[in-house]
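# Fold and contact review
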Amino acid sequence: NGGNYVGPRIGNLKIKGPGFAGLYDTGGHQFRVEHCLFDEWQNAIVLDQSEFVFIDLCTFSNGPTAIWLVNGETPGLGNTGAQGGYTNGIFVDRCTFNGMTGDVIVDDGGELFSVKRSNINTGDRLIRAAGRSVLVLEENYIEGIRNDYVKLDYRAKGGRPVRSS
């Protein structure tokens, strides 16, 4: 449990589904995803115990969930024994979300998550947040969301109760 220094830049890629995740990180620290297209993934990006991740100028399309922030052990993910509170400092900036069919962002808790200056078109809701201590949504253009923009919940994606950080 905790971040391992990774530090790479992942960029200028078209990452095409279908499948569970286009990018799945466990325990990465200080890395950047930029200028990527994620298309037709069940979860385009899954961050599990990741810290200080910057997602910039990416496009997410045609899938249920664009970004899933995992917080602690989650049934079905194979992260048995993972403690909560390690998915922290996730920054999404200047991204576009098109044709999403579920919760565009699923946030199962941790510290500081920010979505700024992004264009969100369609989805069941913009974000479902559980156990989050700081959530920043700023200067976003949002249209076509079918339900509440933000749902605060006490359960993680798999239904497990989440304690606030």
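One structure accompanies this document, and this report is about it. (Residues numbered from 1 in each chain as written. Predicted model: local features only at pLDDT ≥ 70, side-chain atom pairs only at ≥ 80, totals over all residues. Heavy atoms only, no water.)

## Thoughts on the nonpolar core
Selection rule: The nonpolar core is taken to be a set of buried Ala, Val, Leu, Ile, Met, Phe, Trp, Tyr and Cys residues, with the residues joined through side-chain atoms within 4.5 Å. Residue burial is assigned from relative accessible area. The probe radius is 1.4 Å, only protein chains are included, and a residue is buried under 20% of its type maximum, exposed over 50%, and partly exposed in between. Runs of E in the DSSP output that reach at least two residues are strands. Runs of H or I that reach at least four are helices, and both are numbered from the N terminus.
With 31 residues, the main nonpolar core has Val33, Phe38, Ile45, Ile55, Phe60, Ile67 and Phe97 as its most contacted residues. Listing elements by their share of this core, those giving two or more residues are strand E5 (28-34), strand E7 (43-48), strand E8 (51-56), strand E10 (65-70), strand E11 (88-93), strand E13 (103-107), strand E14 (113-116) and strand E16 (125-130). One finds Ala21, Trp68, Leu77 and Val106 within the second-largest nonpolar core, a separate group that totals 6 residues.

## A closer look at the sheet that holds E16
To keep things clear, this is the line we draw: Two strands are counted as paired when DSSP detects at least two bridges linking them. What counts as an axis is a line fitted to C-alpha atoms, over the stretch in contact for a helix, and the angles between N-to-C directions run from 0 to 180 degrees.
Within the open sheet, the 6 strands sit side by side as E4-E7-E10-E13-E16-E19. Their pairing is parallel. Each having just a single partner strand, strand E4 (21-26) and strand E19 (150-153) make up the two edges of the open sheet. Neighbour-to-neighbour, the strand axes of the sheet open up by a mean angle of 10°, direction not taken into account. Note that E10 and E13 share 3 bridges and pair parallel. Across the sheet, residue Trp68 finds its bridge partner in E13, namely Val106.

## Observations concerning the sheet that holds strand E12 (residues 96-98)
The strands that make up a sheet are held in pairs by hydrogen bonds between backbone atoms, and each pair lies either parallel or antiparallel. The sheet built from 6 strands is open, its strands ordered E3-E6-E9-E12-E15-E18 with parallel pairing. In this open sheet, the two edge strands, each paired with only one partner strand, are strand E3 (14-16) and strand E18 (141-145). Averaged over neighbouring strand pairs, the angle between their axes works out to 10° when direction is ignored. Strand direction decides the pairing type here: strand E15 (residues 119-123) and E18, joined by 4 bridges, are parallel. Bridge assignment links Asn119 to a residue of E18, and that residue is Tyr141.

## So, the pattern of salt bridges
Oppositely charged side chains can pair when the atoms bearing their charge come close. Worth spelling out the cut-off: We define a salt bridge as a side-chain nitrogen of Lys or Arg found within 4 Å of a carboxyl oxygen belonging to Asp or Glu.
Applying the stated rule across the entire model yields 9 salt bridges. One salt bridge in this structure joins Asp103 and Arg125, with 2.9 Å as the shortest N-O distance. Placement of the pair is Asp103 in strand E13 and Arg125 in strand E16, with a sequence separation of 22 residues. Asp153 is the salt-bridge partner of Lys151, the closest N and O atoms lying 3.9 Å from each other. Taking relative accessible area as the criterion, Lys151 reaches 29% and is therefore assigned partly exposed.

## Comments concerning the packing of aromatic side chains
Each pair of aromatic rings is reported with the distance of its centres and the angle of its planes. Using the following cut-off: Here a Phe, Tyr or Trp ring, Trp counted by its six-membered ring, pairs with any other such ring whose centre lies within 6.5 Å, and the pair is stacked when the planes are under 30 degrees apart, edge-to-face when over 60, and tilted otherwise.
If you walk through the whole model with that rule in mind, you get 5 aromatic pairs. Look at Phe54 and Phe91: their rings are 5.1 Å apart centre to centre, the planes differ by 10°, and that puts the pair in the stacked class. Note that Phe54 is positioned in strand E8 and Phe91 in strand E11, a separation of 37 residues in sequence. Taking relative accessible area as the criterion, Phe54 reaches 30% and is therefore assigned partly exposed. Judged by relative accessible area, which is 22%, Phe91 ranks as partly exposed.

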